[in-house]
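# What the coordinates show
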Amino acid sequence: MSEHKKKKNPAATMMMTSLAYIVLGIVTVVFPQKVLDVLCYALGGAMTVYGLFNIISFFVDREGGMYFELVIGVISTGFGIFALFSPTSIAAIINIPIGIIIIVDSIMDMKHSLTLRSLGMRKWWIPFIIAIVMIMFSLTTIFFTNIFGALLMIALGIALIYEGVSGFSLIILLSRYHKEYDRNQRMFMGAVTENYVAQQLAAKSYDLYYWESSSTAELDFVLQKGNQIIGIEVKKGEHVRSRSLGVFADSYKPAYSIRLSLKNFGEKDGLKSVPLIR
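Residues numbered from 1 in each chain as written. Predicted model: local features only at pLDDT ≥ 70, side-chain atom pairs only at ≥ 80, totals over all residues. Heavy atoms only, no water.

What follows is about helix 6 (residues 125-143). The first and last C-alpha atoms of helix 6 sit 27 Å apart over 19 residues, in line with the 27 Å expected at 1.5 Å per residue. Listed as buried for helix 6 are Pro127, Phe128, Ala131, Met134, Ile135, Ser138, Thr141 and Ile142. Buried positions in helix 6, seen along its axis, are confined to an arc of 140° and lie on one side of it. Turned more than 90 degrees off the buried face of helix 6, the exposed positions are Met136 and Phe143. Elements that come into contact with the buried residues of helix 6 comprise helix 5 (95-118) and helix 7 (152-203). (Helix = DSSP H or I, 4+ residues; strand = E, 2+ residues; numbered from the N terminus. Expected span 1.5 Å × (residues − 1). Buried < 20%, exposed > 50% of the residue type's maximum accessible area, 1.4 Å probe, protein only. Arc of directions from axis to C-beta. Contact = heavy atoms within 4.5 Å.)

Here is the structure:
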């Protein structure tokens, strides 16, 4: 039995992360001390659980366990318990994990900026430079905390808000430029395919004509073969839905029409399907 796993949506993940940054940033700016206390307790609890897990894993699997795992477990547990009972001592270093988070997210922003560059965005360098500035700011909050003094948590909150807003903006820009890039690629490949078919028909000494109706229907090629006309539609892929051949057939009643695509040979209701690649 085959299992179908749901495909992850990176854009949705980025949006949720950006929203979390904005919410956490706003709360940090409004309630800097309370957020600091909560983060200290959260860090202490996480380190305690992580340490105990390593210690238990070592004693449960004595044969496969490593003493390094035990040492890490003891140190992590000790640090976690210390943080839980003395959160004010941990408050002085809580800026380090927050700063690291901002640095990692800024590096991702730089990567997305380069993606926008490859997709043709002219001002891709603006979010790229801002990301560099955010990295420098985060490094300052880690190594030179005295510069900010009591405003350190507020500064980090503002940085988190920016990272969230920046994340949303980059998601929108990436989605827009990806769609535009895909559309241009489809148009380009369609033109290349039509040009290839035109060259093949011209090599067989056919005079090349096209047809368009008074509405939106149009046909890539119309050939004259004796007293008959043949409509030819070119599709670069396997998606061949189109009303143009039907409108042409109803208007001129050709003996048959031809659709060139990646689909296999076939014939139905006077329409012959011919693959572009044999």
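There is more to say, and it comes next.
All right, on to the packing of helix 5 against helix 6 then. Two numbers describe a pair of packed helices, the interaxial angle and the distance between the axes. At a minimum axis distance of 8 Å, the contact between helix 5 and helix 6 shows a crossing angle of 165°. In terms of orientation, helix 5 lies roughly antiparallel with respect to helix 6. For the crossing formed where helix 5 meets helix 6, the hand is left-handed. Residues Asn95, Ile96, Gly99, Ile100, Ile102, Ile103, Ser106, Ile107, Asp109, Met110, Ser113 and Leu114 of helix 5 pack against Pro127, Phe128, Ala131, Ile132, Met134, Ile135, Ser138, Leu139, Thr141 and Ile142 of helix 6. Tallied by class, residues from the contact of helix 5 with helix 6 come to 15 nonpolar, 6 polar and 1 charged. (Axes fitted to C-alpha atoms, helices over the stretch in contact; angles between N-to-C directions. Parallel < 35°, antiparallel > 145°, perpendicular 65-115°, else oblique. Left-handed = near helix turned anticlockwise from the far one by under 90°. Nonpolar A, V, L, I, M, F, W, Y, C, P; charged D, E, K, R; others polar.)

With respect to burial, strand 4 (residues 257-261) is a largely interior element, 5 of its 5 residues being buried. Here strand 4 shows a buried face lined by Ser257, Arg259 and Ser261 and a second buried face lined by Ile258 and Leu260. In this sheet, strand 4 lies alongside strand 3 (residues 228-234) in parallel orientation, the contact comprising 4 bridges. What sits directly across from isoleucine 232, in strand 4, is isoleucine 258. In the sheet, strand 4 pairs with strand 6 (residues 271-275) via 5 bridges, with the strands oriented parallel. (Pairing = 2+ DSSP bridges.)

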